[in-house]
Amino acid sequence: MGKTEGGGIVTRHGKITFVDLAGSERLKASKSEGTTLKETGAINKSIFTLGKVISSLCDRRKRDPVPYRDSKLTQLLMDSIGGTSLTLMLACVSPALSYLPESVRT
């Protein structure tokens, strides 16, 4: 809280959201089956949609609506990645050569 010159009180509100998008989502690498296979597919769809939303927000020439509603993840993050928010994204990558292609894609 702070005070303005006129003596009024200024209140600021913040929001923090943590989202773990799991590890490798390549279906062959994860060897997912059953329910885990469905979860992996849903994570892949969410990651793909997040990429589309970020691309849409970065391309100022496009007049198309931003596809926030295409996944639950982007719906939840809508107020964090659009507008005047400050957003930080972290990516964990491996230094191992065997994971180089996956790290580059991240």
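Below, the structure is looked at part by part.

Cut-offs and rules
Residues numbered from 1 in each chain as written. Predicted model: local features only at pLDDT ≥ 70, side-chain atom pairs only at ≥ 80, totals over all residues. Heavy atoms only, no water. Helix = DSSP H or I, 4+ residues; strand = E, 2+ residues; numbered from the N terminus. Expected span 1.5 Å × (residues − 1). Buried < 20%, exposed > 50% of the residue type's maximum accessible area, 1.4 Å probe, protein only. Contact = heavy atoms within 4.5 Å. Arc of directions from axis to C-beta. Axes fitted to C-alpha atoms, helices over the stretch in contact; angles between N-to-C directions. Parallel < 35°, antiparallel > 145°, perpendicular 65-115°, else oblique. Left-handed = near helix turned anticlockwise from the far one by under 90°. Nonpolar A, V, L, I, M, F, W, Y, C, P; charged D, E, K, R; others polar.

## Regarding helix 2 (residues 35–58)
In step 1: Taking 1.5 Å of rise per residue, the 24 residues of helix 2 would be expected to cover 34 Å, and the 35 Å separating its terminal C-alpha atoms lies within 8% of that figure.
In step 2: When we look at burial in helix 2, the residues that qualify are T40, S46, T49, L50, V53 and S56.

## A look at the side chain of S80
In step 1: Along the chain, the position of S80 falls in helix 3 (residues 72–81).
In step 2: Residue contacts for S80: discarding those within four places in its chain leaves K15, T17, S85 and T87.

## Some points on helix 3
In step 1: For helix 3, the complete set of buried residues consists of L73, T74, L77, S80 and I81. The buried residues of helix 3 occupy one face: seen down the axis, they fall within an arc of 100 degrees. Pointing more than 90 degrees away from the buried face of helix 3 are the exposed residues K72 and L76.
In step 2: Buried residues along helix 3 sit against helix 2.
In step 3: The first or second residue beyond helix 3 is G83, which carries a positive phi of 80 degrees.

## A closer look at the packing of helix 2 against helix 3
A pair of packed helices is captured by two measures, namely the crossing angle of their axes and the spacing between those axes.
In step 1: Interhelical geometry of helix 2 versus helix 3 gives an angle of 30 degrees and a closest axis separation of 10 Å. Considering the angle they form, helix 2 stands roughly parallel to helix 3. The chirality of how helix 2 crosses helix 3 is right-handed. Between helix 2, through S46, T49, L50, V53 and L57, and helix 3, the contact on the second element is made entirely by L73, T74, L77 and I81.
In step 2: A breakdown of the residues in the contact of helix 2 with helix 3 according to their chemical character gives six nonpolar, three polar and no charged.

None of the figures reported here should be taken as evidence of function without further support.
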